[in-house]
Amino acid sequence: MKRIALFFAAAFAGISALAQPQLREDNIEEVLQAMTVQEKVALLVGGPTFDVAGPAGATRAIERLGIPGTILADGPAGLRIDPLRKGTDKTFYCTSFPVGTLLASSWDTALAEEMTTAMGNEVLEYGVDVLLAPGLNLHRNPLCGRNFEYFSEDPLLSGKMAAAYVRGVQSNGVGTSIKHYAANNQETRRDYNDAQISERALRELYLRNFEIAVKEGKPWTVMSSYNRLNGEYTQQSNYLLTQVLRDDWGFDGIVMTDWGCKDGTVASAKAGNDLMEPGRQVEIDRILEAVNNGTISQEELDRNVRNMLKYIVKTPHFRGYKFSNAPDLAAHAKVARKAAEESIILLQNNNGALPLKGTEKVALYGVSSINFLSCGTGSGHVNMAYSVNMQDALSGAGFTLDEELTTYYKAYGQYLEAVRLINGKDYRDDWWNGRKWKDEELPVSAITRQAGNNDLAIIVLNRQAGEGSDRKLDPDFELTGVEQKLILDVSQAYHALGKKVVVILNVAGVVETASWKNKVDAIVLPWTPGQEGANAVTDILTGKVNPSGKLPMTFPLNYVDVPSATNFPDGLGANGDKGKNIDYTKYEEDIFVGYRYYISAGVPVSYPFGYGLSYTEFSYSRPMVKVSGKGEVTATVTVTNTGSVAGKEVVELYISAPEGGLKKPQRELKAFAKTKALAPGESQTITMTLTPYDLASYNQDASAWETAPGTYTALFGASSTDIKATAKFKLAK
Ligand code: GLC
């Protein structure tokens, strides 16, 4: 009897061992077949986090089959996890790197890859499998609350930056999640708003940057957005998640929802949304019921599970990577500082105000001089160990700061902090509201006194922003009355003594500049530049670094000039009322976004797309444009540093298409390249190539891309409006 029992026990063990293959890269089908329906569904819905404190979410483990859970954490400016944990005095701070908009201001994909390689190392060493970044929604309107996380108003610059970002992070063997796919261009009612966009504007703008990121970055995952697109939730859109993303672009990773699933869980799973995050039991129940009643077919279920298994076998958790919890934060801080230095934009430098000697006596104005913003708020926030402010950076670099002012701003800042704390605000308040401190009016008598005691004035202004609500015209885009008066009073007092005034825009989004820029001498734009950003700004002010950043979006003269101004909420907040720009937003400007509109319509701007100054000058040679038999265009130009200090130039190639056919913007950015640091007198030849597809426009009537035959003009620009050289070329049918 015993032998029979033993036989059956052995047989059962054998069968169950057969039915319990352990996941490997080469046996996914076998594991798939061995999974129960419950196990398959569990893999499609996010589960409890583990191993790491404070990540955004996780996927579920199925121990029986050797399937580990994996960890998903934010964000675009650096890894975001809890810095402190119960039961240990070890800390888990992460590096706050330049935000996406600053990184894009570098126009340097190699720099982007270098910076995110360091960022990805923190993802790996803190035990995270996927960084929920980059965010790359187009800057359709300057009031979008999350623009700081995103790159640009132009899909090419945005897509190329995103692809480089993905390559850098993923070079560490961890994943990324390009987000928020698609058309999440406002925060007001982001969980419901219906973006109403033409197919052409989608293909040429709002999907184009994701297409470049997918094809040239190969991200492990894509995050579908909260909003609707043309009446359908993106997370339930077969058009977006299967036809475009997979069939057209060849994406082979997984799609996860943003952190909130709609009731249409079944529609999401069927549309190609593989993973529901953060994941609740109700989603498991819905999918299980749909599989049992056939609404979700076995093929659809297995397709999603197969995608999940192919993702899991790539992860450090699957590889059993022994993460150290000790990335080299000191080294990464240096990378963050360098990335900021290479990206900061010099908007104005009149009367040779900059660079400074570095030993001047400086009157440093603005509460932002001590409340220097390293990043925005929300999931794009980073829990960093420290953030340098402008007082520390300038005095650390050798400047002598006016005592009266440093004492005043320190005391005022402490008062504001005390007010915040007595109101019971905790660190998450910073995380969400970013300490919106306001300047108080300074008496002219004090400013006059300080003008006599110092060599120059530096005014720091900041603007905070973050997910969940859009910026308001006033006081986010416009300067406040107190700020305008400070600029006026300081300029009058210092200019009366022949002394200069410099403004630092530490802002999370575009602000109004035209009304006050001619009152001051220099304007430096670091956006929110990471924990080392104040030091990077100082390196620019002293000329230790020659600024080479250029605008990735337009600074309009007035908000009303923005083509989407009448089709955008004025920052009513995430719970605005009903109706236009709340329930739905019409993208009536269609493809005429940013410089595509301003240049085509001849509308003047304060600072144009692609604009940025240097401490040196560059000349451009006669360009050469050749067209191959296959219609490939090769554009060549030689750039020479004709100034007295070394510097880098960004060459921007715009193309004007032949008249006739589809209505097109007067010019569109089709390629760009950044030179190496050129010594005075040194030259570098830049070669950029375009395919017929790069030059194509989307004919939505024919649902096809078409490249018009005829004569094109290549415009080589230092900005979208500062064209240094042109050349014509013909394309055959
Ligand atoms: C947030 C954001 C998304 C983030 C996710 C996880 O709502 O929209 O960007 O990655 O939830 O925190």
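All values reported here derive from a predicted model rather than from experimental measurement.

Considering the overall build of the protein chain
Here is step 1: The number of helices and strands found in the protein chain is 22 helices and 28 strands.
Here is step 2: Taken over C-alpha atoms, the radius of gyration comes to 27 Å for the protein chain, in line with the 27 Å a tight globule of 733 residues would show.
Here is step 3: A principal-axis box enclosing the C-alpha atoms of the protein chain has dimensions of 105 × 70 × 50 Å.
Here is step 4: Partitioning the contacts of the protein chain with sequence separation of at least 6, the portion at a separation of at least 24 is 77%.

What to know about the environment of Asn209
Here is step 1: Here Asn209 lies in helix H8 (residues 208–217).
Here is step 2: Taking relative accessible area as the criterion, Asn209 reaches 0% and is therefore assigned buried.
Here is step 3: Sequence separation between Asn209 and Met161 is 48 residues; the distance between their C-alpha atoms is 9.1 Å.
Here is step 4: If near-sequence neighbours (up to four positions away) are discounted, Asn209 is found in contact with Leu136, Leu138, Pro155, Ser158 and Gly159.

With respect to the nonpolar core
Here is step 1: Ranked by size, the top nonpolar core spans 162 residues in total, and within it Tyr181, Tyr365, Ile458, Tyr494, Leu505, Trp527 and Leu541 carry the most contacts.
Here is step 2: Looking at this core, the element that brings in the most residues is helix H6 (residues 155–170), giving eight residues.
Here is step 3: Residues in contact with Tyr365, not counting those within four places in the same chain, are Leu405, Tyr409, Leu442, Ile447, Gln450, Ala457, Ile458, Ile459, Val460, Leu486, Val490 and Tyr494.
Here is step 4: Residues Met256, Leu275, Leu309 and Tyr311 belong to the second largest nonpolar core, which totals 37 residues.

Details of the domain arrangement of the protein chain
Here is step 1: We note that the domain assignment places domain 1 (23–319), domain 2 (344–545) and domain 3 (618–731) within the protein chain.
Here is step 2: When each unit is reduced to the centre of its C-alpha atoms, the spacing between domain 1 and domain 3 is 33 Å.
Here is step 3: Contacts between domain 1 and domain 3 engage 16 residues on the former and 18 residues on the latter.
Here is step 4: Summing both sides of the interface, domain 1 and domain 3 together bury roughly 1500 Å²; the carbon and sulfur share of this comes to 57%.
Here is step 5: The interface formed by domain 1 and domain 3 holds zero salt bridges in total.
Here is step 6: Summed over the shared surface of domain 1 and domain 3, the result is seven residue pairs in polar contact (both at pLDDT 80 or more).
Here is step 7: Those elements giving two or more residues to the side of domain 1 that touches domain 3 turn out to be H6, helix H7 (199–206) and H8.
Here is step 8: For the side of domain 1 that touches domain 3, the residue count by class is three nonpolar, three polar and 10 charged.

Quick notes on the environment of Arg667
Here is step 1: Relative to the helices and strands, Arg667 resides in the loop between strand S22 (650–656) and strand S23 (668–674).
Here is step 2: With 223 residues separating them along the chain, Arg667 and Val444 place their C-alpha atoms 47 Å apart.
Here is step 3: If we skip the residues at most four places from it in the chain, Arg667 touches Tyr595, Arg596, Ile599, Tyr654, Ile655, Ser656, Leu715, Ser720, Thr721 and Ile723.
Here is step 4: In this structure the side chain of Arg667 is engaged in a polar contact, spanning 2.6 Å, whose partner is the side chain of Gln666.

A short note on the pattern of salt bridges
Here is step 1: Considering all chains together, one arrives at 41 salt bridges under this definition.
Here is step 2: Across the pair Lys676 and Glu682 runs a salt bridge, and its minimum N-O distance is 2.6 Å.
Here is step 3: Several salt bridges share partner residues, and in doing so they unite Arg146, Glu149, Glu187, Arg190 and Glu467 into one network.

Concerning the site of the ligand
Here is step 1: What surrounds the ligand is a group of 14 residues, the closest being Asp74, Arg146, His180, Tyr226 and Asp258.
Here is step 2: At 2.5 Å, a side-chain N or O of Tyr226 approaches an oxygen atom of the ligand.
Here is step 3: With the chains in place, 92% of the 310 Å² that the ligand exposes on its own is no longer accessible.
Here is step 4: Class assignment for the residues of the shell around the ligand results in five nonpolar, two polar and seven charged.

Regarding the environment of Leu301
Here is step 1: Take Leu301: it is sitting in helix H12 (residues 298–312).
Here is step 2: Assessed through its relative accessible area of 1%, Leu301 is described here as buried.
Here is step 3: Between the alpha carbons of Leu301 and Tyr181 there is a distance of 22 Å; along the sequence they are 120 residues apart.
Here is step 4: With sequence-adjacent residues up to four places away left out, Leu301 is seen in contact with Lys40, Val41, Leu44, Val291 and Ile296.

What to know about the packing of H7 against H8
Here is step 1: H8 packs onto H7 with a crossing angle of 45° between their chain directions and a minimal axis gap of 5 Å. As summarised for this structure, H7 and H8 are arranged oblique, according to the angle between their axes. Within the contact between the two elements, H7 uses Leu202, Arg203, Glu204, Leu205 and Tyr206 and H8 uses Arg208, Asn209 and Phe210.

A word on the sheet that holds S23
Here is step 1: Read from one edge of the open sheet, four strands run S23-S22-S27-S28, paired in antiparallel fashion. Edge positions in the open sheet fall to S23 and strand S28 (723–731), since each of these has one partner strand only. Across the sheet, the axes of successive neighbouring strands diverge by a mean angle of 20°, strand direction being ignored.
Here is step 2: Bridge count between S22 and S23: six bridges; the pairing is antiparallel. Residue pairing for S23: Ile655 is matched across the bridge by Glu668.

Some remarks on the side chain of Thr616
Here is step 1: Along the polypeptide, Thr616 turns up in the loop between strand S18 (605–607) and strand S19 (618–620).
Here is step 2: For Thr616, the side chain forms a polar contact with the main-chain nitrogen of Gly643, separated by 3.3 Å.
Here is step 3: Not counting residues within four places of it along the chain, the set of residues in contact with Thr616 comprises Asn546, Asn641, Gly643, Ser644, Val645 and Gly647.

Quick word on H8
Owing to its 3.6 residues per turn, the α-helix brings residues three or four apart onto one side.
Here is step 1: For H8, the tally of buried residues reaches eight of 10 residues, placing the bulk of the element in the interior.
Here is step 2: What H8 keeps buried is the set Arg208, Asn209, Phe210, Glu211, Ile212, Ala213, Val214 and Gly217.
Here is step 3: Packed against the buried residues of H8 are H6, strand S4 (175–181), H7, helix H9 (238–248) and strand S26 (704–706).
Here is step 4: Following H8 by one or two positions, Lys218 has its phi on the positive side, about 55°.

How each quantity is defined
- Residues numbered from 1 in each chain as written.
- Predicted model: local features only at pLDDT ≥ 70, side-chain atom pairs only at ≥ 80, totals over all residues.
- Heavy atoms only, no water.
- Helix = DSSP H or I, 4+ residues; strand = E, 2+ residues; numbered from the N terminus.
- Rg over C-alpha atoms; globule rule 2.2 N^0.38 Å.
- Contact = heavy atoms within 4.5 Å.
- Buried < 20%, exposed > 50% of the residue type's maximum accessible area, 1.4 Å probe, protein only.
- Core = buried A, V, L, I, M, F, W, Y, C linked by side-chain atoms within 4.5 Å.
- Domains from an automatic or database assignment.
- Buried area = accessible area lost by both parts, 1.4 Å probe.
- Salt bridge = Lys/Arg side-chain N within 4 Å of Asp/Glu carboxyl O.
- Polar contact = N/O pair within 3.5 Å; in protein donor to acceptor, adjacent residues only side chain to side chain.
- Nonpolar A, V, L, I, M, F, W, Y, C, P; charged D, E, K, R; others polar.
- Near = heavy atom within 4 Å.
- Areas by Shrake-Rupley, 256 points an atom, 1.4 Å probe, with all protein chains shown as cover.
- Axes fitted to C-alpha atoms, helices over the stretch in contact; angles between N-to-C directions.
- Parallel < 35°, antiparallel > 145°, perpendicular 65-115°, else oblique.
- Pairing = 2+ DSSP bridges.

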